[in-house]
Amino acid sequence: KPIHELDCKIVGFKEGKGKYVGTLGSIEAVIPLPKNKWSIETTNISGMTDEDRHYIWRHRKELIGKIIEVGYRKISEKERLVEGRVHRLRLDKDML
């Protein structure tokens, strides 16, 4: 199955459950659309290492609005990423 990459904008965070209570469960992000717009629906993205989860959770306030590179299978009809997984934070990039 092909994997695509996309730079998304972080708009929120969800706390984890079970093993991940008190740290990051998933990142809420929006995807870029044509004409410099962003999707209305958010996509929940996971697939981080435990170390990354703790780092992102500690710095979540300053990461709102930042760019994250995500791997995904496809974009759904509701403008959400299917099987989105974090590749890396893009602190070197400003908002698109």
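What counts and what doesn't
Residues numbered from 1 in each chain as written. Predicted model: local features only at pLDDT ≥ 70, side-chain atom pairs only at ≥ 80, totals over all residues. Heavy atoms only, no water. Phe/Tyr/Trp six-rings, centres within 6.5 Å; stacked < 30°, edge-to-face > 60°. Lys NZ or Arg CZ within 6 Å of the ring centre and 35° of its normal. Core = buried A, V, L, I, M, F, W, Y, C linked by side-chain atoms within 4.5 Å. Buried < 20%, exposed > 50% of the residue type's maximum accessible area, 1.4 Å probe, protein only. Helix = DSSP H or I, 4+ residues; strand = E, 2+ residues; numbered from the N terminus. Contact = heavy atoms within 4.5 Å.

(A) Representation of the packing of aromatic side chains within the structure. The final tally for this structure, using the stated rule, is zero aromatic pairs. Directly above the ring of tyrosine 20 sits arginine 53, whose terminal nitrogen or CZ lies 4.1 Å from the centroid. The side chain of arginine 60 reaches across the aromatic face of tryptophan 57, ending 3.9 Å from its centre.

(B) The nonpolar core, seen in detail. Counting 18 residues, the largest nonpolar core has Cys8, Phe13, Leu24, Ile27, Ile56, Ile68 and Leu81 as its most contacted members. Take this core: its biggest share by element is four residues, from strand β1 (residues 4–15). When sequence neighbours within four positions are dropped, the list of residues in contact with leucine 81 reads Leu6, Cys8, Ile31, Thr43, Val70, Tyr72, Lys74 and Ile75.

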